[in-house]
Amino acid sequence: MKVTTSTLSLTVADVDASREFFCAHLGYEVAMAADGFASLTRGETDAAADIVLLRAGTEVLPPEQRDRQAGGLILALTVTGLDAEERRLREAGAPITMPLREEPWGERLFQMTDPNGIVVQLVEWVTPTDPAS
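Keep in mind that this is a model prediction, so the values were computed, not measured.

Visitor: How should the overall build of the protein be read in this particular structure?
Guide: When helices and strands are counted, the protein shows two helices and eight strands. Mapped from its N terminus to its C terminus, the protein presents α and β elements in the order β-α-β-β-β-β-α-β-β-β. If one aligns the C-alpha atoms of the protein with their principal axes, the spans along those axes are about 50 × 40 × 30 Å. Taken across its 133 residues, the protein has 36% of its residues classed as buried. With an accessible surface of roughly 7,900 Å², the protein has 50% of that area assigned to carbon and sulfur atoms. The positive charge centre, built from 11 side chains, and the negative charge centre, built from 21, are 1 Å apart in the protein.

Visitor: Teacher, can you tell me more about the pattern of salt bridges here?
Guide: Two side chains that carry opposite charge are able to pair once their charged atoms sit near each other. This structure, assessed with the given rule, holds nine salt bridges. Put simply, Arg108 and Glu102 hold a salt bridge, and the shortest N to O gap is 3.5 Å. On the basis of relative accessible area, Glu102 is assigned to the partly exposed category, the value being 39%. Here the salt bridges do not stand alone but share partners, grouping Asp83, Glu102, Arg108 and Glu124 into one network.

Rules and cut-offs
- Residues numbered from 1 in each chain as written.
- Predicted model: local features only at pLDDT ≥ 70, side-chain atom pairs only at ≥ 80, totals over all residues.
- Heavy atoms only, no water.
- Helix = DSSP H or I, 4+ residues; strand = E, 2+ residues; numbered from the N terminus.
- Buried < 20%, exposed > 50% of the residue type's maximum accessible area, 1.4 Å probe, protein only.
- Areas by Shrake-Rupley, 256 points an atom, 1.4 Å probe, with all protein chains shown as cover.
- Lys, Arg positive; Asp, Glu negative; His and termini not counted.
- Charge placed at Lys NZ, Arg CZ, Asp CG, Glu CD.
- Salt bridge = Lys/Arg side-chain N within 4 Å of Asp/Glu carboxyl O.

In structure tokens:
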């Protein structure tokens, strides 16, 4: 098997709200869209997964999946320049729901939550303060 692209498909109540969040705050662009559907990409610029947003209840999903919505999921994006990104997003009014922090094992991170409850975590790895952890 050769994976050529990674795509995260999320079922949400309000496709437009999530689409706006990902485009406004995280640099995604709409590749295609229709009623209750949006395909988002960051193009060839980096390794971020594409995102497909589907409206809950849509009939393209199997019946047992139609009413499930994204939950308990954290979309983690490893970035460079985390401090600058946190500052940019805070100044833009992004919904930062977990402030910037550093874990002893070298993970620096903060989280945002989109209007449908999708948690997006931006991460940057540094030399751990306690390498034994």
